[in-house]
Amino acid sequence: MQKILRITILFLLVQQLFSACGEEEIELELEGSTTRLVVDGLVTTDTMAHKVRLSLSGDYFHNQSLPGVSGAQVSLSDGLASIDLQELAEEPGTYTTPSNYYGKPDHWYTLRISGVDAAGIDPREIFEAQSFIAPLVTPDSIAMEYDRFWELWKILLYCQDPAEVENYYLFHTYLNEKLITDRYAKVSIIDDEFFNGNYANGVWIADLDTREEDQRPKAGDVIKVACYMIDHNYFKFIEAAQIETTPRAPLFSGAPANVPGNISNGALGIFSAASVSRISTVFEP
Amino acid sequence: MRLYFLLFLAWTAYAVRAEGPATALKSRVVSGYIKDAQTGEVLIGATIGIPKSGTGTVSNHYGYYSLSLPEGRHSLQFTFLGYESVEKDLDLSTDKNLNVELAPASATLNEVKVVANQSHSRLDEPLTGVQKISGATIKQVPLLLGEADALKALQLMPGVRAASEGSSGFSVRGGNPDQNLILLDEAPVYNAGHLLGFFSVFNNDAIKDVSLYKGDIPAKNGGRLASVLDIRMKDGNARNFTASGGVGTISSRLTLEGPIASEKTTFLLAGRRTYADLFLKMSSDEQIKDNILYFYDVNAKLSHSFSESDRIYFSAYLGKDVVKNHFSEIYFGNHTSTFRWNHVFSPRLFSNLTLLFSNYQYGLAQSDANASGIKWISNMQDYGARLDFNYYPTPAHSISFGAQSTLHDILPGEVRPSDNSVFSPVIMQRKQALEHGFYIENAQKIGTKLTWRYGLRLSVFQNYDLDAKKSEHSYWRLEPRSGLTWMFHPKSSFKASYARTYQYMHLSSNSQSTTPLDVWFLSSPVVKPQRSDQFSLGWFRHMANNSVDLSIETFYKDMQNTIDFKDYADLMLNEDLESELRFGRAYAYGLEFMTRYNSGKWNGWLSYTWSRSRRKVNEINNNEWYYSPYDLTHDVSIVASYRLSPRLLLSGNWVFTTGAPVTFPVGRFESGNDLIPIYSERNAERMPDYHRLDVGITWKGKENPQKKWQGEWVFSAYNAYARKNAWSIYFEQDENNPHRTKAMKSYLFSIIPAITYNFRF
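Residues numbered from 1 in each chain as written. Chains lettered and ligands numbered in written order. Predicted model: local features only at pLDDT ≥ 70, side-chain atom pairs only at ≥ 80, totals over all residues. Heavy atoms only, no water.

S.K.: Would you mind going over the overall build of chain A with me for this structure?
M.R.: Across its full length, chain A carries two helices and 18 strands. The 285 residues of chain A split such that 52% are buried. Residue pairs in contact within chain A that sit at least 24 positions apart in sequence constitute 67% of those at least 6 positions apart. Of the roughly 12900 Å² of accessible surface on chain A, 49% is carried by carbon and sulfur atoms. (Helix = DSSP H or I, 4+ residues; strand = E, 2+ residues; numbered from the N terminus. Buried < 20%, exposed > 50% of the residue type's maximum accessible area, 1.4 Å probe, protein only. Contact = heavy atoms within 4.5 Å. Areas by Shrake-Rupley, 256 points an atom, 1.4 Å probe, with all protein chains shown as cover.)

What follows is the structure in structure tokens.
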């Protein structure tokens, strides 16, 4: 809801402003940075080979793909048992669990990385991160509603929010099995501040923006929403990543800041564990 | 603490009494009001001097002056900038009431001529860092869309800069915009901007006097660290009914003023409204056509003199901005009212009682047709009273003292869902507090060359629960203020001053420029009052028969309990706002140079500021020092106008400022399909330098004594050489090459021409 309000405010005020305003690319010289390990890992309640990507950070105008980190030891523990992840031969720097692995709700997961062999990183350093899988929340249904003004199809959620606990939701949207929310800025995250413990009776959680060519549903198309229950760290990470990957209007933004992660010893990125359920609807305009 | 305050009172009384035996001759008082001969408006800050001895005084905010002199013959000179001086010879054997009227210089002269003995500043005033600007000067400065604007004109003064491009929000000596106390006829104005701050709420036609105190604040005011901006509305023409106004590029104005029945009662009514939305209607784009966007403001004032010693004033301001389309609506605005009663107890004792009210509110609504319809409101009120005295016991002392009390009542936010909305209402707790001030200050002449001002203010702040009718927590703070002036030469003085100030209300905004939706919050057991200690030194000189004023001032400001916000602070509707705050310390220092000239044909000023402003706040920037967003290294303003002929005035101003501190990325990492920036230190980089030229031509219609109507055309161009000054710099991923990131600059204005027609009859 806060997001929706912010968009409204931004739209109303900035729309007037930007009509008088221009933009252009400029040349800037930026300072360099030290190399750090970057972790990007997600374990869910799905049964599959879950991936953890290790890479290195680079200078801001590096302008090339940043290299993966090969040959590290990566292990994952659910508090009872620990497994080692295997590096994919075809994708150096990407490590996976066995394909029959799945996360269990109400468990803490610990990711442990050692033996990182890269310039600028001490090979004796051990990097760790923890994440908790929140209990599954299964939506009852979703519905579509067109908003003429915004020119988008809103996706409305019907679902009982568990009381007593703070829940963090992340929604991925698919149109005919094609992932629409492929960037942080497109992912929808909400907390239950405004409907904690209530029945979410048609809450606007995501949308298809019909101004984008790949987001115009036709009759019979399948719209699917994957509902992830995530922990607070991941929620904060995405919230910050959304701010840092969209243009900022100085009128409304605070000073930029580093996206907060949960990896120890100065590594960047996030390791997250989440429960996931899916619901779909057939589009009828 | 209360004891110290009482001790100080006793000292002041002693200092005044101690003068007694030294003055052998009996002292008499000459007192009265100084007025504009044309309109009967009282003149604020006019000088009453005795050229022979160099003593003198100035008229107060109500045009009243009182000067104690030894019995005998005296020659008094009355001067005020832009007016013809008047000399009066007096034989003072008893106390004497003397009202003086000064004629505006231009009104009596067809030819423009130098009017001597007029300066923008007083060499003997024991205050540093004061900037005064008159409505007439403001009018001559070409500005955005041709709108005369007090706050924009002030930004051309040393030590003052815009919070962001085109904004009426301003920073004084490296302070935050919320550290300025803006008073309109003594009522605080909490959001002085229209249209996202591009215009200030002050309609220049209704303004008489603008004074800015840059941190060296007289003891009568307090509550903000950086400055007090004291704006006084006109009282209304006491002689004739006049109408004046203008039709501008985006707005029109009309001001009516005059006497009611007799000269004793005057009124002023000024209104202004923009019509940008009328142009939107012409758009072929349905979405734009639908939009409503306007602001208006109304200033009204009524005054009545019962006698020479009693006068009352009632003034009010009402303004509102509305931005609306079929989907949603935002409105915001201020309302202030002030009632004042001037009473002269004796020629030596002047008093003023003020009752004031100020309200700022905003609201936004989303259409309630859908499930996310809401109505959101926020408002704040001040109810205040103050009693101020000016006491002139002997020629050497000028004492002011008084007390004030204000109730602050803030509703940070209330969101109510529409009938079929899925959201639950959010109703934030109202916050209330009482803020009191007690002060006494004496400006004492020591010999002929020294003037020492010493004052003490006791400020008390109490968090208050209005329902339970009890105070929950209090702060008692003493604020010493002092200044010393040494007139080591008839045309030159040296000044030093010190001021301690406390601030108990703070603006919840972490953006570089304030927005209408920012909410004020109060000091509490957790949020300690911000404190500032400012030391300043200055050298002041009048040259070339007083047509040139020169000043060089330096300051050092130490600030404690500075507030900043944690990374990604959530400031909207946050009941636990205090958890988003981080506290630390800050300092600022700088050098300000200014020369103002007024040679008849040429008018204007040149100002240059060099300064630094840094802070160190817990948990921010790894607890290291960083630049305040309002740190400006170099700031230059050149303002000039040239009267080509009595009908033609050319004007221009050029500004240059070092780019504001900003945080840029130094590295990046990949996560998902995104490139995430890595930042090094907060505010370690700079925006590109900013410079801009504005020009204007004022062309007056022929003056015809038979016709009352006077008109003038004003043509202006903002940003005349169309520099694309960066408003923001942001970074984005290249759409075609996801590995490439680029820096983008957005700019607000290219060249903006404007035409205004002003009239008066």
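From this point, the narrative continues.
S.K.: Looking at this structure, I do not really get the pattern of salt bridges. What am I missing?
M.R.: A side chain of one charge can pair with a side chain of the opposite charge when the charged atoms of the two come close. If you walk through the whole model with that rule in mind, you get 52 salt bridges over all chains. Across the salt bridge formed by Arg278 of chain A and Asp46 of chain A, the nearest N and O atoms sit 2.6 Å from each other. With Arg278 of chain A in strand β18 (residues 268-282) and Asp46 of chain A in the loop between β2 (37-44) and β3 (51-56), this residue pair connects regions lying 232 residues apart in the sequence. Residue Asp46 of chain A is classed as buried on the basis of its relative accessible area of 19%. Lys208 of chain B serves as the salt-bridge partner of Asp235 of chain B, at 3.3 Å between the closest nitrogen and oxygen. Here Asp235 of chain B is found in the loop between β17 (227-233) and β18 (242-247), whereas its partner Lys208 of chain B is found in strand β16 (residues 207-213), with 27 residues between them in sequence. Grouping residues by exposure puts Asp235 of chain B and Lys208 of chain B together as buried. (Salt bridge = Lys/Arg side-chain N within 4 Å of Asp/Glu carboxyl O.)

S.K.: Just to check I follow, could you spell out the sheet that holds strand β48 (residues 741-747) of chain B for this structure?
M.R.: Strand pairing within a sheet occurs via backbone hydrogen bonds; the two strands may be parallel or antiparallel. What the three strands build is an open sheet, ordered β1(A)-β48(B)-β47(B); its pairing is antiparallel. Both outer strands of the open sheet, β1 (22-26) of chain A together with β47 (728-733) of chain B, are each paired with one neighbouring strand and no more. Averaged over all adjacent pairs, the angle separating strand axes in this sheet is 35°, with direction ignored. Relative to β48 of chain B, β47 of chain B runs antiparallel, the two sharing six bridges. Bridge pairing links Gln733 of chain B to Thr741 of chain B in β48 of chain B. (Pairing = 2+ DSSP bridges. Axes fitted to C-alpha atoms, helices over the stretch in contact; angles between N-to-C directions.)

S.K.: Explain a nonpolar patch on the surface to me, please; I cannot follow it from the model alone.
M.R.: Residues and elements named next belong to chain B. Judged by side-chain polarity, Leu644, Leu650, Ile697, Trp699, Trp713, Phe715 and Ile755 come together as a nonpolar surface patch covering roughly 620 Å² of accessible area. Elements with a contribution of two residues or more to the nonpolar patch: β45 (690-700) and β46 (710-718). Within the element layout of this structure, Leu650 appears in strand β40 (residues 648-657). (Patch = residues over 30% accessible without salt bridge, like charges linked within 9 Å, V, L, I, M, F, W, Y side chains within 5 Å.)

S.K.: Looking at this model, I keep getting lost on the nonpolar core. Mind explaining?
M.R.: In terms of nonpolar packing, the biggest core is built from 48 residues, with Ile133, Leu154, Phe170, Phe202, Val210, Leu229 and Trp605 of chain B touching the most fellow members. At the level of secondary structure, the elements contributing two or more residues to this core comprise α4 (150-154), β11 (170-172), β12 (180-184), β16, β17 and β20 (262-274) of chain B. Among the elements that make up this core, the one with the highest residue count is α4 of chain B (four residues). Not counting residues up to four positions away in its chain, the partners in contact with Phe202 of chain B are Leu151, Ile182, Leu184, Val189, Ala192, Ile207, Ile231 and Arg272 of chain B. With 26 residues, the next largest nonpolar core counts Leu37, Val69, Tyr101 and Ala118 of chain A among its residues. (Core = buried A, V, L, I, M, F, W, Y, C linked by side-chain atoms within 4.5 Å.)

S.K.: Quick question: what am I supposed to make of unusual backbone geometry here?
M.R.: Peptide bonds are, in most cases, trans, and in most cases residues other than glycine have a negative phi. The phi angle at Asn176 of chain A is positive, at roughly 50°, despite the residue not being glycine. Residue position: Asn176 of chain A is located in the loop between β13 (168-175) and β14 (178-179). Its identity as a non-glycine residue notwithstanding, Asn719 of chain B has a phi of 60°, on the positive side. Tracing the backbone shows Asn719 of chain B in the loop between β46 and β47.

S.K.: Hey, could you run me through the pairing of strand β1 (residues 27-36) of chain B in this one?
M.R.: Residues and elements named next belong to chain B. Counting buried residues along β1, nine of its ten residues qualify, which places the element largely inside the surrounding structure. Both β1 and strand β4 (residues 64-70) contribute to a ladder of seven bridges, which runs antiparallel. When the bridges of β4 are listed, Arg28 appears paired with Leu69.

S.K.: Whenever I open this one, the pairing of strand β25 (residues 374-391) of chain B confuses me. Can you help?
M.R.: Consecutive side chains along a regular strand alternate between the two faces of the sheet. Residues and elements named next belong to chain B. Two strands pair when backbone bridges link them, and strand β24 (residues 349-366) and β25 are joined in this way by 18 bridges, in the antiparallel orientation. Of the residues in β25, the one forming a bridge with Ser358 is Asp382. The loop that links β25 with its antiparallel partner strand β26 (residues 397-417) comprises five residues.

S.K.: Quick question: what am I supposed to make of the environment of Ala136 of chain B here?
M.R.: Structurally, Ala136 of chain B can be placed in helix α3 (residues 135-140). Taking the C-alpha atoms as reference points, Ala136 of chain B and Gly82 of chain B, separated by 54 residues in sequence, lie 9.3 Å from one another.

S.K.: What is the right way to read the environment of Leu156 of chain B from this model?
M.R.: Residue and element names in this part refer to chain B. Locating Leu156 in the fold gives a position in the loop between α4 and β10 (160-162). Since its relative accessible area comes to 3%, Leu156 is described here as buried. Along the chain, Leu156 and Val141 lie 15 residues apart, while their C-alpha atoms are 9.7 Å from each other. Each residue touching Leu156, except ones within four places of it in the same chain, is listed here: Val141, Trp605, Ser607, Ser637, Val639, Asn653 and Val655.

S.K.: Looking at this model, I keep getting lost on the packing of aromatic side chains. Mind explaining?
M.R.: Any pair of aromatic rings gets described here by the distance separating the centres and the angle formed by the planes. If you walk through the whole model with that rule in mind, you get 41 aromatic pairs over all chains. With 5.2 Å between their ring centres and 80° between their planes, Tyr60 of chain A and Phe731 of chain B make a pair best called edge-to-face. With Tyr60 of chain A in the loop between β4 (58-59) and β5 (73-77) and Phe731 of chain B in strand β47, the pair connects residues from two separate chains. Note on Phe731 of chain B: relative accessible area 14%, which makes it buried. With 6.3 Å between their ring centres and 15° between their planes, Trp713 of chain B and Phe715 of chain B make a pair best called stacked. For Phe715 of chain B, a relative accessible area of 36% translates into the label partly exposed. Lying across the ring of Trp605 of chain B, Arg596 of chain B places its NZ or CZ 5.3 Å from the centre. (Phe/Tyr/Trp six-rings, centres within 6.5 Å; stacked < 30°, edge-to-face > 60°. Lys NZ or Arg CZ within 6 Å of the ring centre and 35° of its normal.)

S.K.: Can you help me understand the side chain of Arg668 of chain B in this one?
M.R.: Assignment of secondary structure puts Arg668 of chain B in strand β42 (residues 665-671). Despite its burial, Arg668 of chain B remains without a salt bridge, the nearest opposite charge being carried by Glu670 of chain B at 5.9 Å. (Lys, Arg positive; Asp, Glu negative; His and termini not counted.)

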